[in-house]
Amino acid sequence: MFVQDLSSRFTSRLRSERVAAKLGMWLGISFTVAFATGLFSHFVQHPPPWLLWPSRPVNLYRITQGLHVISGIATVPLLLAKLWTVYPKLWQWPPLRSVGHALERLFVLLLVAGALFQLVTGLMNIAYSYLWPFGFIQAHYWTAFIVYGALIIHVVNEWAKIRRNAWARVDGADRRRFLTTVAAASGLAALLTVGETFAPLERLAVLAPRNPRIGPQGVPVNRSAVAAGVLDAIRDPGYRLVVTGAVRTELSLTYEELVRLPQHTVRLPISCVEGWSVECEWSGVRLRDLLLRAGASPEAFVTVESLEQTGYYRSSEVRPPHWNDPLTLLALTINGRTLDADHGYPVRLIAPNRPGVMQTKWVGTVRVA
Ligand SMILES: Nc1nc2c(c(=O)[nH]1)N[C@H]1C(S)=C(S)[C@@H](COP(=O)(O)O)O[C@H]1N2
Ligand SMILES: [Mo]
């Protein structure tokens, strides 16, 4: 019986093994950057008990997380081009030649499905549309291992083709033009987003969901005081900042007492995990000064708790390298003005080299473990 291999019906001259290999190499780089920076972000937010991240360099997390989101965005044109280049293979005949071939195709399927899932849900996440019924963070984390594992298997399986093609010149001006166009689209996507974290290019950030200058006091906000349900608690004249737990002397300070303590000024960024970041000038009380005054051990683990009653980010852990750092403040002002309710009035944590989600707002309690 004659069976036609349908994959031969696709005749675009732009498709070639070498074009596919080049795109694959670029994707290998962007996926590696995204995977490495993603793992870093995960272990900064969920460190095992023995892991003490340094508080310097001040901008490290800002850079790695900016790279994470921007490499994801730059991947979109690369992945679409790669899928267009190789999709005739979907119709190859016979579809499964052997057990080995079946497994190979299964891993390619996992790779493609997983990569599309990461990009689509990742883009929806940075656009603040949480339309799916599962937890983004868990799904994004575990799918990353599936995708990266399938990628390694794919590279091993295709190694002969990669060696043959990846460093060789692409033949044909039309194919080279195609690759240049894809690279330009990828670079443009990155360029139109990078301004959400790199201030000099802020005006180009038309693809960025957050403009780093728009918000109360010129700084964006993810969770407002109204959304967090803290308006009554932060206006309560009975407000006290309490330092408690494993301390020699518990402290309970009114807002006026905090204002009268020695104030320090620092320049530190808010680096949201969703990619935007903005540097501000903060002033307030050093967390270290309060903890040492309360008699906490310099090795103690500390938790900063918000007046917010529920919500994922109502508290965060501050380990010794961070709270001993003189730059770590319980801030009372932002850019020279009393904190807006949305930025954490009366008191918010600000520390160097730390994700935005761990810069707790509306702080009521500092608990020493
Ligand atoms: N209590 C509390 N603090 C919080 C949050 C929150 O939801 N609750 N959101 C965090 C997130 S995700 C970020 S990016 C920063 C943003 O700070 P800003 O609103 O002052 O820009 O606050 C963090 N602090
Ligand atoms: Mo954030």
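Residues numbered from 1 in each chain as written. Chains lettered and ligands numbered in written order. Predicted model: local features only at pLDDT ≥ 70, side-chain atom pairs only at ≥ 80, totals over all residues. Heavy atoms only, no water.

Engineer: Kindly report on the nonpolar core, identifying the contributing residues and their values.
Structural biologist: Within the largest apolar cluster, 33 residues are counted, with the highest numbers of intra-cluster contacts made by L241, L258, L287, L290, L291, L330 and V366. Counting residues per element, this core draws most heavily on helix α10 (residues 287-294), at 4 residues. Excluding its chain neighbours within four sequence positions, the residues that come into contact with L241 are L251, S252, L253, L258, L290, L330, V363, G364, T365 and V366. Listed in part, the 20 residues of the second largest apolar core include L27, L78, L79 and F178. (Core = buried A, V, L, I, M, F, W, Y, C linked by side-chain atoms within 4.5 Å. Buried < 20%, exposed > 50% of the residue type's maximum accessible area, 1.4 Å probe, protein only. Helix = DSSP H or I, 4+ residues; strand = E, 2+ residues; numbered from the N terminus. Contact = heavy atoms within 4.5 Å.)

Engineer: Give a description of the pairing of strand β3 (residues 264-271) that names residues and reports values.
Structural biologist: Within β3, 6 of the 8 residues are buried, which leaves it mostly tucked inside the rest of the structure. Pairing between β3 and strand β4 (residues 277-286): 8 bridges, direction antiparallel. Within the sheet, the bridge partner assigned to R267 lies in β4 and is E281. (Pairing = 2+ DSSP bridges.)

Engineer: How would you sum up the sheet that holds strand β6 (residues 315-318)? Please name residues and give values.
Structural biologist: As summarised here, the arrangement of the 5 strands in space is β2-β1-β10-β5-β6, forming an open sheet in which the pairing is mixed. Of all the strands in the sheet, just β2 (251-253) and β6 have a single pairing partner and so form its edges. Within this sheet the neighbouring strands show an average axis-to-axis angle of 15°, counted without direction. Of the pairings in the sheet, the one linking strand β1 (residues 241-245) to β2 comprises 3 bridges and is antiparallel in character. In the strand pairing of β2, L241 is matched with L253. Across the sheet, α10 lies against β1, β2, β5 (302-306), β6 and β10 (363-368), angled at about 130° from β2, the strand it touches most. (Axes fitted to C-alpha atoms, helices over the stretch in contact; angles between N-to-C directions.)

Engineer: Please give an account of a nonpolar patch on the surface that cites residues and values.
Structural biologist: A cluster of nonpolar side chains, namely L6, W84, Y87, L90 and W91, defines an oily patch on the protein surface of about 460 Å² accessible area. Among the secondary structure elements, W91 is positioned in the loop between α2 (60-86) and α3 (99-126). (Patch = residues over 30% accessible without salt bridge, like charges linked within 9 Å, V, L, I, M, F, W, Y side chains within 5 Å. Areas by Shrake-Rupley, 256 points an atom, 1.4 Å probe, with all protein chains shown as cover. Salt bridge = Lys/Arg side-chain N within 4 Å of Asp/Glu carboxyl O.)

Engineer: Describe the domain arrangement of the chain, naming the residues involved and giving the relevant values.
Structural biologist: Split by domain assignment, the chain resolves into domain 1 (2-204) and domain 2 (216-368). Centre-to-centre, using C-alpha coordinates, domain 1 lies 38 Å away from domain 2. Counting residues at the interface gives 28 residues for domain 1 and 28 residues for domain 2. Taking both sides of the interface into account, the surface hidden between domain 1 and domain 2 amounts to around 2100 Å²; carbon and sulfur atoms contribute 52%. Contact with domain 2 buries area across many residues of domain 1, yet S55, Y61 and R62 alone supply 25% of it, more than any other trio. Counting across the interface, domain 1 meets domain 2 through 1 salt bridge. For D325, the salt bridge identified is with R56, shortest N-O distance 2.8 Å. (Domains from an automatic or database assignment. Buried area = accessible area lost by both parts, 1.4 Å probe.)

Engineer: Give me the lowdown on the site of ligand 1, citing residues and values where you can.
Structural biologist: With respect to spatial proximity, 20 residues lie near ligand 1, and among them P220, R223, E308, H343 and K361 are the closest. P220 places a polar main-chain atom, nitrogen or oxygen, 2.5 Å from an oxygen atom of ligand 1. The fraction of the free accessible surface of ligand 1 (530 Å²) that becomes covered by protein chains is 98%. Split by residue class, the shell around ligand 1 holds 9 nonpolar, 6 polar and 5 charged. (Near = heavy atom within 4 Å. Polar contact = N/O pair within 3.5 Å; in protein donor to acceptor, adjacent residues only side chain to side chain. Nonpolar A, V, L, I, M, F, W, Y, C, P; charged D, E, K, R; others polar.)

Engineer: Let's hear about the side chain of T75: which residues, and what values?
Structural biologist: Tracing the backbone shows T75 in helix α2. Among residues more than four places away in sequence, those in contact with T75 are L27, S30, F31 and L119.

Engineer: An account of the pattern of salt bridges is needed here, citing residue identities and associated values.
Structural biologist: Counted according to the given criterion, the structure contains 11 salt bridges. D174 is the partner of R13 in a salt bridge, and the nearest nitrogen-oxygen pair spans 3.3 Å. Here D174 lies in helix α6 (residues 173-194) and R13 lies in the segment before α1 (17-45), a separation of 161 residues in the sequence. Its relative accessible area of 48% is what places R13 among the partly exposed residues. R164 is paired through a salt bridge with E17; the nearest N and O atoms lie 2.7 Å apart. Residue R164 is located in helix α5 (residues 159-165), and its partner E17 is located in helix α1; the two are separated by 147 residues in the primary sequence. A relative accessible area of 46% places R164 in the partly exposed class. Judged by its relative accessible area of 37%, E17 falls in the partly exposed class. Through salt bridges with shared partners, one network takes in R267, E279 and E281.

Engineer: Pulling in residues and values, what's your account of the packing of aromatic side chains?
Structural biologist: Here the structure, examined in full by the defined rule, presents 13 aromatic pairs. Taking the centre distance of 5.2 Å and the plane angle of 70° together, the rings of F10 and Y87 count as edge-to-face. Of this pair, F10 sits in the segment before α1 while Y87 sits in the loop between α2 and α3, placing them 77 residues apart in sequence. Classification of Y87 as partly exposed rests on a relative accessible area of 33%. Judged by centre distance (5.6 Å) and plane angle (35°), the ring pair of F10 and W91 falls under tilted. One end of the pair, F10, is in the segment before α1; the other, W91, is in the loop between α2 and α3, with 81 residues separating them in the sequence. Residue classification places F10 among the partly exposed residues on the basis of a relative accessible area of 29%. (Phe/Tyr/Trp six-rings, centres within 6.5 Å; stacked < 30°, edge-to-face > 60°.)

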